[in-house]
Amino acid sequence: MAKQTLKAEVESLGGMRLKCSSRGFEFMIDEPTGVGGTNEAMNPLEALLCSLGACKMMVVRFFYQAKQINLHSMRIEILGEIDSDRLKGKPDVKIGFSKIITNYYIDADNTEEEIEALVAFIEKTCPVKDTIVHAPEMELHINP
C-alpha cells in the first residue's frame, strides 16, 4: 500500500478569522457576527460540508464517462443538522453534526436506475465521506 501524507496549515489572523493553506492555495474561515466573527467567510462546519460535496462531485467528474453517464449538469446540496444548544454549554448535546443529508440534482440522458447506480458509486467511493463515516486514528503532538 502506497501511503501519502497531505498537509494543511491553519493560521490565526486575529479574532475568529483564519487562513487555511495547502499546496500554495489558501482560503479564509470565519464565524458569523452572532458568535464573535466578522462573517467574512464560511465557518469550519460549512467548510466541511463544502469539502464533502466537492469530493462527491470530483468522483462524478472522474468517473461519469466510464460509467456511460451522459451528464448535462449536476449540483450537490449538503445539509448538516446541528443542535445550537451545544454553544450554550448544555450537557449531553452532541457537539458536531447529528445528521448530514445529500441532495443530488442530476440532469443526464440516462435511466433512473443508471443514475441511482452512479449515486451509489459516489457514496461508496468518496474519500471525504469515508473519512467522516470511518473516523481515522487521531494523533496529537504539542510542539514548542
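Residues numbered from 1 in each chain as written. Predicted model: local features only at pLDDT ≥ 70, side-chain atom pairs only at ≥ 80, totals over all residues. Heavy atoms only, no water.

Participant: Would you mind showing me how to read a nonpolar patch on the surface here?
Facilitator: A contiguous nonpolar patch, built from Leu 48, Ile 100, Ile 132 and Val 133 and spanning about 280 Å² of accessible area, is present on the exposed surface. For Leu 48, a relative accessible area of 32% corresponds to the partly exposed category. (Patch = residues over 30% accessible without salt bridge, like charges linked within 9 Å, V, L, I, M, F, W, Y side chains within 5 Å. Areas by Shrake-Rupley, 256 points an atom, 1.4 Å probe, with all protein chains shown as cover. Salt bridge = Lys/Arg side-chain N within 4 Å of Asp/Glu carboxyl O. Buried < 20%, exposed > 50% of the residue type's maximum accessible area, 1.4 Å probe, protein only.)

Participant: Looking at this structure, I do not really get the domain arrangement of the chain. What am I missing?
Facilitator: In many analyses, interface size is given as the accessible surface area lost on bringing the parts together. With domains assigned, the chain is organised as domain 1 (1-41) and domain 2 (43-133). Carbon and sulfur atoms make up 70% of the area that domain 1 and domain 2 hide from each other, which totals about 340 Å². When the buried surface of domain 1 facing domain 2 is broken down by residue, Ile 29, Glu 31 and Val 35 rank first, second and third, together holding 65% of it. Here domain 1 and domain 2 share 0 salt bridges between them. (Domains from an automatic or database assignment. Buried area = accessible area lost by both parts, 1.4 Å probe.)

Participant: Explain the packing of aromatic side chains to me, please; I cannot follow it from the model alone.
Facilitator: The geometry of two aromatic rings is summed up by the distance between their centres and the angle between their planes. Enumeration over the complete set of coordinates arrives at 1 aromatic pair. Note on Phe 63 and Phe 121: the rings are 5.0 Å apart at their centroids and 75° apart in plane angle, and the pair reads as edge-to-face. A residue pair is termed long-range when its members are at least 10 positions apart, and Phe 63 in helix 1 (residues 44-63) and Phe 121 in helix 2 (residues 112-125) qualify at 58 residues. The ring of Phe 121 carries Lys 67 above its face, with NZ or CZ at 3.9 Å from the centroid. A cation over an aromatic ring shows up here: Arg 75 above the ring of Tyr 105, its NZ or CZ 4.1 Å from the ring centre. (Phe/Tyr/Trp six-rings, centres within 6.5 Å; stacked < 30°, edge-to-face > 60°. Helix = DSSP H or I, 4+ residues; strand = E, 2+ residues; numbered from the N terminus. Lys NZ or Arg CZ within 6 Å of the ring centre and 35° of its normal.)

Participant: Is there a simple way to explain the packing of helix 1 against helix 2 in this structure?
Facilitator: What describes two packed helices is the angle between their axes and the distance between those same axes. In the contact formed by helix 1 and helix 2, the axes pass within 9 Å of each other and the chain directions differ by 120°. Viewed along their axes, helix 1 and helix 2 adopt a mutual orientation that is oblique. For the element pair helix 1 and helix 2, the recorded crossing hand is right-handed. Of the residues in helix 2, those in contact with Lys 56, Val 59, Val 60 and Phe 63 of helix 1 are Phe 121, Ile 122, Glu 123 and Thr 125. Of the residues that constitute the contact of helix 1 with helix 2, the class distribution is 5 nonpolar, 1 polar and 2 charged. (Axes fitted to C-alpha atoms, helices over the stretch in contact; angles between N-to-C directions. Parallel < 35°, antiparallel > 145°, perpendicular 65-115°, else oblique. Left-handed = near helix turned anticlockwise from the far one by under 90°. Contact = heavy atoms within 4.5 Å. Nonpolar A, V, L, I, M, F, W, Y, C, P; charged D, E, K, R; others polar.)

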